[in-house]
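# Overview (structure and organization)
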Amino acid sequence: MSDTPFGFGLPPEEPENGDEGKKKDQQGGGGQGPFGFGLPGAGGPGADNPLAAMFGSMNPNDLGAAFQQLGQMLSYEGGPVNWDMAKQIARQTVAQGTPDGTKDASVGPAERSAVEEAVRLADLWLDDATSLPSGAGSAVAWSRAEWVEATLPVWKELVDPVAERVGAAMGDVLPEEMQAMAGPLIGMMRSMGGAMFGTQIGQAVGVLAGEVVGSSDIGLPLGPAGKAALLPLNVESFGKDLSVPQEEVRLYLALREAAHQRLFAHVPWLRSHLFGAVEGYARGIKVDTAKLEDVVGQLDPSNPEQLQDALQQGMFQPEDTPEQKAALARLETALALVEGWVDAVVHAAAKPRLSSADALRETLRRRRATGGPAEQTFATLIGLELRPRRLRDASRLWASLTDARGVDGRDGLWAHPDMLPTASDLDDPDGFVHREQLDFSEIDKMLGEAAGGSGEKPNLTKDDTPKKDDKDDDKGDGSE
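Structural notes, computed from the coordinates. As the structure is a prediction and not an experimental result, all values here were calculated from the model.

With that settled, the discussion passes to the overall build of the protein. For the protein, the count of helices and strands is 20 helices and 4 strands. Here the protein holds 480 residues, and 49% of them are scored as buried. Considering only contacts in the protein between residues 6 or more positions apart, those separated by 24 or more positions represent 76%. With an accessible surface of roughly 22,700 Å², the protein has 50% of that area assigned to carbon and sulfur atoms.

Structure, rendered in structure tokens:
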């Protein structure tokens, strides 16, 4: 995460009980490594020491390959995150299996057929619950490893702006004359920083692959557009202790996946709105350089444990700034509105047809409210809470809008970001529901006349929607 050169610790001592001790240590994940990076819930090599996945148990036969990887890491000259390493670590984390002992497995023809049928039926049910047409051009069944491969491009888009800003902030700590003198060292520091960030991201994505059931669990479109995806292995684990038939669990989760696909396919500005909030957060990152200089000045380079303690105590933790807080508030509200809409629409579609609809809805709400170890890692790593705190409030508001304005009136609010409820509207849903609806028809007509003189309503997207005055831009995204 940082651009600080990390010292390499000595190899672990041989366990007293020989090979059996080695096996036990590998299975249990070992102790905290000299780098101080850990991930709750991820066992095995790489869970506590970010280089353990590369060096393994220090088998002499593997040392050549390990040092070759180390050389590649130090010679990395890419962006702020070493995504090749992130992918490698994520795949290794997936291969280790989940804490309950479940190993990843290829998806068979029967499972693929079951997912395709569930998504097809889900889309039919959703036709009665929303005016947005189907957004899933195809249905796919992924293994955990396939989920990693399919979603890494989106994680890159999410994380790179934050990592780049943090790296730039760390570089500002050194005076200019020192930066000129330490040019080669700074290059190595950046390579190490990219590797450390890539390792943590890889671990988190790998653990998350063992938790998610589709491509949209966290409210963001992580997979390719138009592909409704489920992970059969994780769907089975999700419903194992619920006393609900597996077919109903799969169908309910397919409803949620298909509803997300409809929303992101037919609200063209929504994706850039969500990712723009992440970029806004990155722009507001500031590091307390005075604190960092003070901590660095007290570190003993020969004592790696001291560096580990400093890392764990937030040595590189960015400061909260008004810009960050505003961007996080926008993201949090937008995620709540997305998940609340999906929750309300899916419940309307499932309630008359599935006896388990209420139980499955409550289970998913609790799951989204608490988050798993991987989500907690992302919150620690880049300061982003990838779950909505006000899901229930948003769901109630969307349900009230359905009662008051009907399905078309409710879904019509997605036509423009300024028409959506704000955070304050979640506090007073009745006030929003009965408020006079905003009408952009005159503005649309004027824009159409200016563009071509036809007076036809333009096709609104993120880039060509009517804008308020610049001074109102921060207030006009409907997600304060």
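An ideal rise of 1.5 Å per residue puts 20 Å on 14 residues; helix H11 (residues 270–283) measures up with 20 Å between its terminal C-alpha atoms. Of all the positions in H11, only Leu270, His273, Leu274, Phe275, Ala277, Val278, Gly280, Tyr281 and Ala282 are classed as buried.

What follows is about the environment of Ser272. Within the secondary structure, Ser272 sits in helix H11. Judged by its relative accessible area of 33%, Ser272 is partly exposed.

Summed over all chains, the structure comprises 20 salt bridges. The salt bridge involving Arg262 is made with Asp123; its shortest N-O contact spans 3.0 Å. Of the two residues, Arg262 is situated in helix H10 (residues 246–266) and Asp123 in helix H5 (residues 109–126); the sequence distance between them amounts to 139 residues. Across this residue pair, the class does not change: Arg262 and Asp123 are buried. A salt bridge links Asp343 to Arg361, with the nearest nitrogen and oxygen atoms 2.8 Å apart. Taken together, the residues Asp343 in helix H14 (residues 322–350) and Arg361 in helix H15 (residues 357–370) connect sequence positions 18 residues apart.

Time to look at the packing of aromatic side chains. Summed over all chains, the structure comprises 3 aromatic pairs. Relative to Trp414, the ring of Trp398 lies with its centre 5.4 Å away and its plane at 15°, an arrangement referred to as stacked. Of the two residues, Trp398 is situated in helix H17 (residues 391–411) and Trp414 in the loop between H17 and helix H18 (423–427); the sequence distance between them amounts to 16 residues. Residue Trp398 shares its accessibility class with Trp414, and that shared class is buried. Grouped by ring-pair contacts, the aromatic residues Trp269, Trp341, Trp398 and Trp414 constitute a single cluster. Positioned over the ring face of Phe432 is Arg405, at 5.7 Å from the centre of the ring.

Another aspect to go through is the environment of Val119. Checked against the element boundaries, Val119 lands in helix H5. A sequence separation of 20 residues divides Val119 from Ala139, and the C-alpha atoms of the two residues are 6.5 Å apart. Among residues more than four places away in sequence, those in contact with Val119 are Ala139, Ala228 and Ala254.

Here is what the cut-offs are and how they apply
- Residues numbered from 1 in each chain as written.
- Predicted model: local features only at pLDDT ≥ 70, side-chain atom pairs only at ≥ 80, totals over all residues.
- Heavy atoms only, no water.
- Helix = DSSP H or I, 4+ residues; strand = E, 2+ residues; numbered from the N terminus.
- Buried < 20%, exposed > 50% of the residue type's maximum accessible area, 1.4 Å probe, protein only.
- Contact = heavy atoms within 4.5 Å.
- Areas by Shrake-Rupley, 256 points an atom, 1.4 Å probe, with all protein chains shown as cover.
- Expected span 1.5 Å × (residues − 1).
- Salt bridge = Lys/Arg side-chain N within 4 Å of Asp/Glu carboxyl O.
- Phe/Tyr/Trp six-rings, centres within 6.5 Å; stacked < 30°, edge-to-face > 60°.
- Lys NZ or Arg CZ within 6 Å of the ring centre and 35° of its normal.

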